[in-house]
Structure formats: C-alpha cells, structure tokens
Amino acid sequence: MYGFEALTFNIHGGYLEAIVRGHRSGLLTVADYNNLCQCETLDDIKMHLSATEYGPYLQNEPSPLHTTTIVEKCTLKLVDEYKHMLCQATEPLSTFLEYITYGHMIDNVVLIVTGTLHERDVQELLEKCHPLGMFDSIATLAVAQNMRELYRLVLVDTPLAPYFSECITSEDLDDMNIEIMRNTLYKAYLEDFYKFCQKLGGATAEIMSDLLAFEADRRAVNITINSIGTELTRDDRRKLYSNFGLLYPYGHEELAVCEDIDQVRGVMEKYPPYQSIFAKMSYGESQMLDKAFYEEEVKRLCLAFEQQFHYAVFFAYMRLREQEIRNLMWISECVAQNQKSRIHDSVVYMF
Amino acid sequence: MAGGGHGCCPPMDLMRSEPMQLVQIIVPIESAHLTVSYLGDLGLLQFKDLNADKSPFQRTYANQIKRCGEMARKLRFFREQMTKAGISPSAMSLTQTHIDLDDLEIKLGELEAELIEVNTNSEKLQRTYNELLEYKLVLQKAGEFFYAAQSSATAQQREIEAQQVFDGSLDSPLLLEQESLADPSKQVKLGFVSGLVPKEKSMAFERILFRATRGNMYLKQVAVEDPVTDPVSGEKVAKNVFVVFYSGERAKTKILKICEAFGANRYPFTEDVGKQMQMIDEVSGKISELKTTIDVGLIHRDNILKNIGHQFEQWNHLVRREKSIYHTLNMLSLDVTKKCVVAEGWSPVFATSQVQDALKRATYDSNSQVGSIFQVLYTKESPPTYFQTNKFTSAFQEIVDAYGVAKYQEANPGVYTIITFPFLFAVMFGDWGHGICLLLVTMYFIFREKKLSSQKLGDITEMTFGGRYVIMMMGLFSIYAGLIYNEFFSVPFELFGKSAYACRDPSCSNATTVGLIKVRSTYPFGVDPKWYGSRSELPFLNSLKMKMSILLGVAQMNLGIVLSYFNAKFFKNNLNIWYQFVPQLIFLNSLFGYLSLLIIVKWCTGSKADLYHVMIYMFLSPTDDLGENQLFPGQKTLQLVLLFLALISVPWMLFPKPILLKKQHQERHQGQSYTLLQSTEESLELEQDHSSHGHEEFEFSEVFVHQLIHTIEFVLGAVSNTASYLRLWALSLAHSELSTVFYEKVLLLAWGFNNIIILIVGFIVFVFATVGVLLVMETLSAFLHALRLHWVEFQNKFYEGDGYKFSPFSFALLGEVED
C-alpha cells in the first residue's frame, strides 16, 4: 500500500488524526512552562493549569492540593482522550493504539509482583499502577509465587502472554529475576510492535521504526549501564537487547562487554545520532543521560507530526503527554518542596 | 469626533458605528472595587489589559481570584449535591440583601464542611446497609444451594439405599453397605467461601479459581435478579452469588486473595439451617434499623440543601460578579505609589456622562477622600466597533458580522440588509402560501418571545428563534413576491380582478396562448393568472424573472458602489472618490446599466429586439448597423460612447491611484521633517490625523500590484457578479416547479381517484413534502443564496470588515458567557 495512504487514509483514520492533532495543539508550550516555573504554591500551578486543557479536570479539586492529585488528574485526562480515540478507532489503528499501552502493562505487572514480594498492600499497589496499563485480573498477580504460576494464572489471558514464552521458569521470584523479566518482556514487546508497524507499511512503518529503534537503543544503553557491576553475565545481557535498532547487531556485541560508563560512551559515540547526546556530558557522568535521552526522544516525537497520513502521531502524542505529565510532576514536586532552584533540571521542553 | 457624519442625510444610527474614545480613569485604590462594580452595572466600558505581560498569578488581585475560584468550586459542589438530591435552586430572590464576600466565604466553608460530614456519615451507614443487603442475599441464595444440594443428596442416598435394600433382599455382601456408611467419616473436611462477585467478572473469576487450585474446587454461582448496590463504589451492579468449595489451607489463602483481587465481597455462612434462619432474621432487623437511621440522615441533609437552595442563585451571582470584578481589576495598572490604579478602556462618546456619574457615585459611596480622574486620551489605535442594536436589528447585524465586523465607523451594510436580504430571499421564494406558513411559524416565536427567551432551546430551534425577526421579514416579503408571481402553493388566483385574456371561441384549449385574445385592460398587479398552465408559461416567466434578476442585481451593485463613495467622503479620501468610485460607477453602468436600460425600454415599448445580440455585437462590431434590434434612435452612437467610457475607466482605475499615493507619500515625508523642526507637539497631532501612512515604508510595487488585483477583480467581477444574480431566477424557477410537481403529481393525482383513503394519503404526502422540501430545505437554500449575494456581490464593493467588536465589561453579559 506504500504511496497510496493519502488516497485512502482519511476513510478510517482521518477523523482520529484530526482529533490527535487537535490534542497535540493543547500541549503546554515553553511559555506555559516558564509561567509554571514561576509559581510559588501548588494553588498557583492549579490556577495556571486551569487556563489550559487541564482546567476542567482540576477545577473541582479542593484547595490544599497535593502533587499526586495534580498528576492523577492530568493522567486521567490522558486516559480519557485515549479511551475516546480507542472507541472511535477501527482496525488496524485500534490494534496500534492497544500496542501503545502494553509497555504500561509490563510496568504494572512488574510493579505488582515486586510489591507483593516486599509484602505491600495490593490496593496500595493498584493505586500506583498506570491506568493505561490496567487489565481485569491484574490484582490476581499477587497470588503468583513464581513465573510459571504468573503466566498460567493471569498473564495467559492478557495480550502480554506471547511475550512471556521466553521467560517461563519455575524459579522463585526475586528482584533480579523480576528485572530480567521486565527487560525480556520489553524486548519481546518492542520487537512485536516493530514487526506490527513494518506490516502496516507506508509512512507509519518508516516513522515508527525510527521511534522504536530509538527506544530499543535507549533501553540497550540503560540495561548496560544498570547491569555494570551486577552478576549478570555478558551473554545474559546480550540476550536482553532487542533485535533491531541502530545498534543492532554490532553495537550490541560491543555493549555486551562494557565494564564502565566510559566504555559505553566509546561505543555510542561511533553512532552519529547518539554522538550529540554523549557530547553534552562530561566523562564518567551518567546522571544527565536520562534527560538527554528524553530530550532527544521528544525531538523525534515532535518530528512525527510533520508528516501526515500515518499512525505514529498517536504514539507520539501519547508519549509527549506522558512526558508532559512527568514535567508537571517534577515542577509540582519542586514547588511543593521549595526546591525551585532544581526546577529546570528535569523539565523537557517540547514546543 | 473627526469626520463629517452629519452631512446631507439624516443621522442613521446603524449606518456608522458609535463614535468611541479611549478614556483613562485614575481611581484611588480604596474605591477601585466599587468603581469597577458600578462600571460593570453600566456596561459601557471595554477595559484594556495593561498587564498583558504578567502571568495570571503575578497580578495584584490573584489571591482574591483564587478565593473566588474556591468559592465557585464550593458552589458547584452544592449544585451537584442538590441535583443528586433532586432539589432545584429557587429562582433569584428579589430581596437582594447585601452580603459581604468574606462572610460568604466563611459561610460557604461551614456549609461545605457540614455537608461533607453529613455525607460521610450517611455514606458509612449506606455502606453497612448495602453490605447487610448483600449478606442477606448471600444467605438466601446460598441457603437455596445447600437446601437443593442436600435434598438431591438425600434423594441420591435414598436411591442408593433403595438399591441396597433391593440388593439386600438378594444376596449382596454386607461389606458394601458398611463401606458406604463409613464414607462420610472418611471424607476430607471441605471448606467453603461464599460471597458476591460482579457479573461481568464472574467468568474470569471462575477461570482464575480453576487455574489457581488446579481444578480442585467446586464453584456454584447464581445470578441475582436485580442489580445490587456495591458497598464500596455505591453504584448499581449486576452480581452473582457464589459459593466455592475447596480443600486445604493453601487453597484457602489463594482463593481469599483472588476474591480480594476481583472485588468479590465475602460473607460468612453456616451450614446449619436453624442458624441460617436466625441470621436472616438478625440481618433483616439490622437492615430495618439502619434504614430509619439513614432516612433521618437524609432528611437532615435535604434540609441543609434546601436552605442552600434558597440563596444559591444569589450567592452564585455574587461570586461570579466578584470574580469578574477582580479579573478586571487585574487588568488595571497599579500606580508606583500604590495609592491609585490606572484604567484605560474604550467607551462610546455618548456614555461619557454616564461613566462620569458612575465614577462620582463610587467615590461618594466608598467615602473616598479623593475623587477619580476621568480623561480622554488620543490614540492612533483603531477603536472597536459598536452598534446599538435592538432585538429587531440585531439579527440582521449578526448576518453582516458573520462575514466580518465593520471597520470603525465604516458604512454598515446592516442598514440595507434589513430590507434587501428578505427581499432577495423572497424573489427566490415567491409564493404567498409558503410565505404565510413562514409568517405563522415566526409569529409563534415572536408572541411567545418572553417565555422562550428565558429557557434553553434545542440547537436548531435556538437558531430559528434567534433569527425570528429575519424570518418574519422573509415571510412578509415572500407574500409580497408571491402575490406578484401570483402563486399560492403554485396555484394562481384571480385576486385582483379578472384575467385580461379570454378565449376567442369555445374550442380553444387552455394549453395554448394562440387562441387567446385580450378582452380587458392589463391585470392590475402581478402576473396574469392565465399564463399558468399555458404552453408559453415557462418562456414568459423565465424571461420576466431573468430580466428582473439583472435589474435587481445592477441596482444592488450600484448601491454598493455608492456606499463606497460615502465611505470615501466620510474618511476624507478624495483619491478613492476620483480614482475608484467614479470609474467603477462608469464601468458598471456603461455595460450593465445600459443593459438594464435596454430591458426597461423593451418592456415599455414591447419591442421584439434581441438583447443578447445587441450586447454581444456592442463589443464585437460596435460600428455595425443594429438593424431590427434597434430600440430607440441614436442607440448606436450611445453604444459607441458607452463602450469608449468603459474602456477608458479601466486604466483610470488602475494607474492614477498608486502614482498619486506615491507622490503624497513623498510630499508628506518632506513635510514631516520640516515640521519636526518647528514644534514637536503639533507634528505628533498631525501624525495622528494621517493615521495609516505615518511611519510605514512605502513600497510602490506592492501598492501597484494591490491596485492591479483590485482592478482586475472589479472588471471581471462586474461580469461574473451580474451573472451571479441570475441565481435569483434559477432558484425561483426551481421553487415554483417543485411546488407545481407536488401539487399536480401528488394532490391532484390523489384527488383523481375519488377515494377518500387515497386522498388522505395523498394529502399527508403533500403536506410532508411541502413542509420538508419547500418550507425547510428551500428556505435554507434561498437563505444561503441571499446570504451569498450580500456577502460577495454586494459587500465586496465597499465593505472592509476588518474591525473588532466592542465587548464591554458588563454584568449583564456575564451569565451568558458562563453558562
């Protein structure tokens, strides 16, 4: 179908593309962030947000606000928008939209399993879950003792089931296992999503493969950095990298043997798109890496809106909104804890 | 004010927008609030935002706005509670007791706290109540299971026993009996859990239970008929009662966890029937007890809400008002000394004394020692456009504003639209039967105006209601045009005397005009009814309507051009008069004005000249003899002169204006530097007089291209716009043909059957077709075409429409915005 999207795209996707572009124009701008950063109290933030699209969601909140309330309401807005789009979507867009939430599902599964491991209350854990990644029997995860049970009891009914095939072991769950499970799941998810986008073809495949490749590379780097100094073997580490992306396959070989952050840097600097990210950091530093990656991601996501007639805008919009909510959370926390000097540390501007 | 609005013509209020002035008001800070409040009551001042660079929470009164927002939130909470309890707030009480904002804030806070407390109490009770209800259900349903299970078990047992008895009578081993008797004691003790689970989750619930226990469980479910109120969420949900049997402690913990995960409420249950009955009684007793408590709580809550409801509207009004006052105060700039605030805003000149009066009253009422200062500022900024409309003219003004709000004091096409719009509509919609229908509908709206305007209407009704006076005029003019066309649901009537024609002899049929002779003087008003149904009906009516459309079009376009003259004269722009208005007038009239003249001459003389031929050969071979197409002597000379004038007027429009503009610019540029040396103040005022070209760079090519486009647009537009007016004929034709079809092919056809049922059916179809197609869709299409003729063909001759509307700070407008 490549090349004919302009002819047929609007039959099913036109309305939703218009909707999502409309939502995009409601994202906060640099001017908004500047104003938000000058706020003195959380009420000021509420007052400023009431002039934006978040207004209706926050207007009925009684006055002593908490950061969690703000974040919760902002997320609620995103979820409402997502649900509306999902209701209106037809195949294959609806599947595409569902794919977007699988990442949250994996995170939620991991959150609940880790929480139960540390004997936290299930209700409390459920409140912390991202609403986009909820599924019916999520609370039942607490029953499972090992991965096999986890799979057999709960996950077999969820879309995550196929991703699980690689990590079914009868070992008892512990922190390390769970982390490996998260990354294996994520790897399988990204590869599946990637394949799905390739199948869709056209501009969707083109843009999504770029965005997903970036995601995969970022995860590869993060896995490497986080596994330095742990008992994870090189082969195991190598297995967690997704089998696509700019770093695949030679970069992965090199990353697998890295022993400290500067070696990672050495590997990454061979790839021009990542050179600029690492060029900003001084040697031996990994604190700012997250932010640098986020900034690069936001840049790429914004570029997705430059083309028409493809599904990547939905992915990009959801990601941008999530980034925006992260920003708002950071700003609110800084304001609430009177740490205004650190306010710019983690805010990623979009437009 | 600048300008010579009071020239030859009587003053027309709607023709020019109200003269406006930029005023500056300096108010001492203690009376600022009261001043803004009085000005809001007056509603004739549009404040300018003097703090545009500040974000909302950095402004002076941000705190008060936050407080108002908080109070508004509480009021919304009350409203929500009231709608939940089914109490509607009583209408605005007339006794406007003065309430202080601070008192109100405290009062609202107290009420909210009380309400929340009452709510949490009753919620707790409600929860217990719902739990008990669920428990009762479980007891009943589970009791049924056990009873059924027991009875079937005993039946089985009996069967077995019967078999054994039967067997026993034969030679059966005694051992078997012993075994079966010993069975119950050997049995593993089964545990069970009972409770309620939401219906839609029951399938998944069963599946998970099965998987978790590896099938070592027995689940029994029964649907509860009525939806049950969930104790946690308080919503009505369809639920299933379940009983799970399991064996072993590990299974129990798993099942309990799963129940928790699925939001299934568990309730204890005993196997003993006697105890069951006892428990049911106990629970029922508790339920009735709780019920009375809850009722008392509800009555208490309702009382609180009713008290709130009495004053709710008043409070709501007050809070909104205060919030808007603080918003306005935030737009004012605070003096450095913080003793007074400075307001700037637009106000109509006629309101000067009213504004000053309001300021004085505010100073007096707030016991301020210093009065407010009111002064008029001079500015180059273009003031907002403000027309004082009434309920009749406002709808017509809306039609114009929808295209673009008039530039400040520009000639307002709204004045003419009041008549021309319904008239052009009626030319397309000419049928006095349909006109009467429209009139009746709109009369309903107009007579019930007071009642309807206070309530919420549907989308389409609201639109119709808003345009009721437009529709009334359209109806009246349709009746008029219908009388001229002599059509009543497409049937001609002899209203104004007998037809002028009659048959020469009895044999002549209706279908031809050949046999007709004129027996009387011409039919006095409108089209002779004899034309209808004759063979030459269409050619005659087409010729009439086509020519009429051109006459109307040329007249309206001429009006547009004349208005451009009034504009140029008003703004003292001689260039536009001499190099735009005059050549435009000449061009249009030498071509299409001449055509109109020919049409009228042809009508008066009854000549058979071919006007197409005349017009076309006027361009192709102007020197040729007209021959039989000559309508009056000297026509050829006139044509030559007109053609020459038309050709001349094109370069006349194109070249002089940009060249003269350039010259003017150069002169002014020199003059400016000259006067600057003399005195700065005067030159500043001079600058204000020549507003638009003050500092701008003069780009000759740009101005020239602009003029070129303008000229081409006009020259081509003259032809295409005239042709565009032919839509009047086309739509009128379509309308009359459609109504003829409905009348003849439906009503007359049904009549022909002489059958009452067919007649009724035919009549119903006719009514629906008339209402649906002719009255609704045709009205809409004729409306749109009339709209287009006004927006495009009429207004492009003179209307700039790049102004902005005057939106004063007014409490009266507040309610509309918020709702």
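This one's a predicted model, so the numbers in the text were calculated from it and none came from an experiment.

**Section: the overall build of chain B**
Counting its regular elements, chain B contains 24 helices and 13 strands. Only carbon and sulfur atoms are counted for the fraction: they give 60% of the accessible area of chain B, which is about 45,200 Å².

**Describing the pattern of salt bridges**
Here the structure, examined in full by the defined rule, presents 41 salt bridges over all chains. One salt bridge in this structure joins Asp44(A) and Lys66(B), with 2.6 Å as the shortest N-O distance. Of this pair, Asp44(A) sits in helix α4 (residues 42-49) while Lys66(B) sits in helix α2 (residues 62-85), placing the two residues on different chains. As a salt-bridge pair, Lys299(A) and Glu296(A) come within 3.5 Å of each other at their nearest N and O atoms. Here the residue Lys299(A) and the residue Glu296(A) both occupy positions in helix α17 (residues 289-304), the gap between them amounting to three residues, near one helical turn. Salt bridges sharing partners connect three or more residues here, namely Glu53(A), Lys77(A), Glu81(A), Arg321(A) and Glu324(A).

**Digging into the interface of chain B and chain A**
Counting residues at the interface gives 20 residues for chain B and 25 residues for chain A. Both faces combined, the contact of chain B with chain A buries some 2,200 Å², and carbon together with sulfur accounts for 56% of it. Remark: the boundary between chain B and chain A carries one salt bridge. Viewed at the interface, chain A and chain B are joined by two residue pairs in polar contact (both at pLDDT 80 or more). Among the residues making up the side of chain B that touches chain A, the classes are represented as nine nonpolar, two polar and nine charged.

**Some thoughts on the UniProt feature "transmembrane region" (unreviewed entry) in chain B**
All names here are of chain B. Feature annotation in UniProt places "transmembrane region" (unreviewed entry) on residues 423-447, 468-485, 548-566, 578-601, 637-655 and 756-777, given in this structure's numbering. Counting secondary structure, residues 423-447 comes out at 88% helix and 0% strand; the distance between its end C-alpha atoms is 23 Å. The straight-line gap between the two end C-alpha atoms of residues 578-601 is 31 Å; of that span, 100% is helix and 0% is strand.

**Digging into empty space enclosed by the protein**
In this approach the atoms are scanned with a rolling probe the size of a water molecule, which exposes any empty space left behind. Residues and elements named next belong to chain B. For the coordinates displayed, the defined rule picks out five cavities of 30 Å³ or more. Space inside the largest cavity adds up to approximately 50 Å³. The wall of the largest cavity is formed by Ile25, Val27, Ala32, Thr35, Val36, Leu39, Phe47, Leu332 and Ala343. Among the secondary structure elements, those contributing two or more residues to the lining of the largest cavity are β1 (20-28) and α1 (32-42).

**Thoughts on the pairing of strand β3 (residues 191-198) of chain B**
Residues and elements named next belong to chain B. Most of β3 is tucked away: eight of the eight residues are buried. Of the strand pairs in this sheet, β3 and strand β7 (residues 239-246) are connected by eight bridges, and their pairing is antiparallel. In the sheet register, serine 194 faces β7, and the bridge partner there is valine 243. Bridge analysis of β3 against strand β8 (residues 265-267) gives three bridges, and the strand direction is antiparallel. Residue pairing for β8: serine 194 is matched across the bridge by tyrosine 267.

**Looking at the nonpolar core**
Among the nonpolar cores identified, the biggest contains 173 residues, and Phe96(A), Phe193(A), Phe314(A) and Ile25(B) are the most heavily contacted of them. The greatest single-element share of this core, amounting to 13 residues, is contributed by helix α18 (residues 312-336) of chain A. When neighbours within four sequence positions are excluded, Phe314(A) is seen to be in contact with Leu16(A), Glu17(A), Val20(A), Met85(A), Leu93(A), Phe96(A), Leu97(A) and Ile100(A). In terms of nonpolar packing, the next biggest core, distinct from the first, is built from 78 residues, Ala395(B), Val554(B), Leu563(B) and Val614(B) among them.

**Remarks on a positive patch on the surface**
Together, Arg148(A), Arg152(A), Arg214(B) and Arg250(B) line one region of the surface with positive charge. Here Arg250(B) is to be found in helix α6 (residues 249-261).

**Section: unusual backbone geometry**
Cis geometry is adopted by the peptide bond preceding Pro92(A), which originates at Glu91(A) and carries an omega value of -5°. Inspection of the secondary structure puts Pro92(A) in the loop between α6 (67-88) and α7 (93-117). Between Tyr248(A) and Pro249(A) the backbone carries a cis peptide bond, its omega angle lying at -5°. Not every positive phi belongs to a glycine, and Gln409(B) is a case in point at roughly 65°.

**Quick word on a negative patch on the surface**
A surface patch of like charges, here negative, comprises Glu72(A), Asp121(A), Glu127(A) and Glu260(B). Turning to its location among the elements, Asp121(A) is positioned in the loop between α7 and α8 (122-128). Asp121(A) sits in the partly exposed class, given a relative accessible area of 40%.

**Notes on the domain arrangement of chain B**
You'll often see interface size given as the accessible area lost when the parts meet. Domains assigned within chain B are domain 1 (17-50 + 332-384 + 804-818) and domain 2 (539-667 + 701-753). Using only C-alpha atoms to locate each centre, domain 1 of chain B and domain 2 of chain B end up separated by 50 Å.

**A few points about the packing of helix α12 (residues 202-227) of chain A against helix α16 (residues 272-279) of chain A**
Residues and elements named next belong to chain A. The geometry of α12 relative to α16 is characterised by a closest axis approach of 12 Å and an angle of 50° between their N-to-C directions. Judged on the interaxial angle alone, α16 and α12 are oblique. Judged by the sense of rotation from one axis to the other, the crossing of α12 with α16 is right-handed. Residues Ala213, Phe214, Asp217 and Val221 of α12 pack against Tyr274, Ile277 and Phe278 of α16. Per-class residue counts for the contact of α12 with α16 are six nonpolar, no polar and one charged.

Definitions and limits used
- Residues numbered from 1 in each chain as written.
- Chains lettered and ligands numbered in written order.
- Predicted model: local features only at pLDDT ≥ 70, side-chain atom pairs only at ≥ 80, totals over all residues.
- Heavy atoms only, no water.
- Helix = DSSP H or I, 4+ residues; strand = E, 2+ residues; numbered from the N terminus.
- Areas by Shrake-Rupley, 256 points an atom, 1.4 Å probe, with all protein chains shown as cover.
- Salt bridge = Lys/Arg side-chain N within 4 Å of Asp/Glu carboxyl O.
- Contact = heavy atoms within 4.5 Å.
- Buried area = accessible area lost by both parts, 1.4 Å probe.
- Polar contact = N/O pair within 3.5 Å; in protein donor to acceptor, adjacent residues only side chain to side chain.
- Nonpolar A, V, L, I, M, F, W, Y, C, P; charged D, E, K, R; others polar.
- UniProt positions renumbered as here; feature names shortened; annotations may be inferred.
- 1 Å grid on protein atoms, 1.4 Å probe; cavity = no way out; pocket = protein on both sides within 12 Å on 5 of 7 lines; lining within 4 Å.
- Points joined across faces, edges and corners; volume = space filled by probe spheres on them.
- Buried < 20%, exposed > 50% of the residue type's maximum accessible area, 1.4 Å probe, protein only.
- Pairing = 2+ DSSP bridges.
- Core = buried A, V, L, I, M, F, W, Y, C linked by side-chain atoms within 4.5 Å.
- Patch = residues over 30% accessible without salt bridge, like charges linked within 9 Å, V, L, I, M, F, W, Y side chains within 5 Å.
- Lys, Arg positive; Asp, Glu negative; His and termini not counted.
- Charge placed at Lys NZ, Arg CZ, Asp CG, Glu CD.
- Domains from an automatic or database assignment.
- Axes fitted to C-alpha atoms, helices over the stretch in contact; angles between N-to-C directions.
- Parallel < 35°, antiparallel > 145°, perpendicular 65-115°, else oblique.
- Left-handed = near helix turned anticlockwise from the far one by under 90°.

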